[in-house]
Amino acid sequence: MKIENSSEVTLHFTIKLKDGSVADSTYSSGKPAKFIMGDGSLSDNFEKCLLGLESEQSKSIELNAEDAFGLPNPDNIHHMDRNRFMGDAVAEVGTIMAFSGPDGMDIPGIITEIAGDSVTVDFNHPLAGQDVIFDVEIVAVG
């Protein structure tokens, strides 16, 4: 069965940066990813690259930043008072922390700067602004 709009797809993927370094991979957990075409979990351009693939097919897909995880949005960078990071929540540059969003869901943020009592947190996707290569292996199409 070929991947079409609304198909349920199970796949393994490896995301690589242009320099060849691996940013993420389902192989490390041994569990493939599952999604439904058109559910919004992947960019439209990425989904277009998957259309027509079948079980057991593999493909390498190069995506520009705009078509992968988007460009960094300056509105996703927030400055917070350092006293919000007391107890277990130690503020250190490079730390990824979960913050409660307006809907109560956790949103990951990366601490990018600490200056006096101000902590800068970037809520952009860590791969925003990066051109990436997706190596995909289709496990099943339903």
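All values reported here derive from a predicted model rather than from experimental measurement. Every chain is numbered independently, its residues counted from 1 as its sequence is written. Totals for whole chains, interfaces and linings use every residue, but because this is a predicted model, local features are given only for residues with pLDDT of at least 70 and side-chain atom pairs only at 80 or more, for both listing and counting. Think of the side-chain values as coming from all heavy atoms in the structure, minus any hydrogens and water.

For the rest of this paragraph, the subject is the pairing of strand E7 (residues 106-115). Two strands pair under a simple rule: DSSP has to find at least two bridges between them. Comment: elements are numbered from the N terminus, with helices defined as DSSP H or I runs of at least four residues and strands as E runs of at least two. Examined bridge by bridge, strand E6 (residues 96-100) and E7 share five bridges and lie antiparallel to one another. Across the sheet, Ala98 pairs through a bridge with Pro108, a residue of E7. Hairpin connection, E6 to E7: the antiparallel pair is bridged by five residues, and Gly104 has positive phi, about 90 degrees. As paired strands, E7 and strand E8 (residues 118-122) are joined by five bridges and run antiparallel to one another. Among the inter-strand pairings, Glu113 is bridged to a residue of E8, identified as Thr120.

Turning next to the sheet that holds E6. The antiparallel open sheet is built from four strands, whose spatial order is E5-E8-E7-E6. Edge strands, defined here as strands with exactly one partner in the open sheet, are strand E5 (77-81) and E6. Neighbour to neighbour, the strand axes of the sheet diverge by 45 degrees on average, direction disregarded. For every element, the axis is a line fit to its C-alpha atoms; helices are fit only across the contacting stretch, and the angle between N-to-C directions ranges from 0 to 180 degrees.

Salt bridge, as used here, is a side-chain nitrogen of Lys or Arg placed within 4 Å of a carboxyl oxygen of Asp or Glu. Scanning the entire structure with this criterion turns up two salt bridges. The shortest N-O distance in the salt bridge between Lys16 and Asp135 comes to 2.9 Å. Placement of Lys16 in strand E1 (residues 8-17) and of Asp135 in strand E9 (residues 132-141) is noted, with a sequence separation of 119 residues between them. The class for Asp135 is partly exposed, based on a relative accessible area of 23%. One salt bridge in this structure joins Lys18 and Glu62, with 2.8 Å as the shortest N-O distance. Of this pair, Lys18 sits in the loop between E1 and strand E2 (22-25) while Glu62 sits in strand E4 (residues 58-63), placing them 44 residues apart in sequence. Think of it in three bands: residues with accessible area under 20% of the maximum for their type are buried, residues over 50% are exposed, and the middle band is partly exposed, with areas taken using a 1.4 Å probe on protein chains only.

Attention now goes to the nonpolar core. Here, nonpolar core means buried Ala, Val, Leu, Ile, Met, Phe, Trp, Tyr and Cys residues that are tied together by side-chain atoms lying within 4.5 Å of each other. Core analysis: the biggest nonpolar cluster contains 20 residues, and Ile3, Leu50, Phe134 and Val136 have the highest contact counts within it. Those elements that provide at least two residues to this core are E1, helix H1 (44-50), E4 and E9. Of all hydrophobic cores here, the second largest spans nine residues; its members include Met80, Ala91, Phe99 and Val119.

Despite not being glycine, Ser6 has its phi angle at roughly 75 degrees, a positive value. By secondary structure assignment, the location of Ser6 is in the segment before E1. A positive phi angle, near 75 degrees, is found at Glu56, a position not held by glycine. Relative to the elements of secondary structure, Glu56 occurs in the loop between H1 and E4.

We now examine the environment of Pro108. Summarising the element assignment, Pro108 is placed in strand E7. By relative accessible area, Pro108 is classed as exposed at 55%. Residues Pro108 and Asn45 lie 63 residues apart in sequence; the distance between their C-alpha atoms is 25 Å. We call two residues contacting when some pair of their heavy atoms lies within 4.5 Å. Setting aside its immediate chain neighbours within four residues, Pro108 contacts Ile96, Met97, Ala98, Asp122 and Phe123.

No statement about biological role is implied by the geometric values presented.
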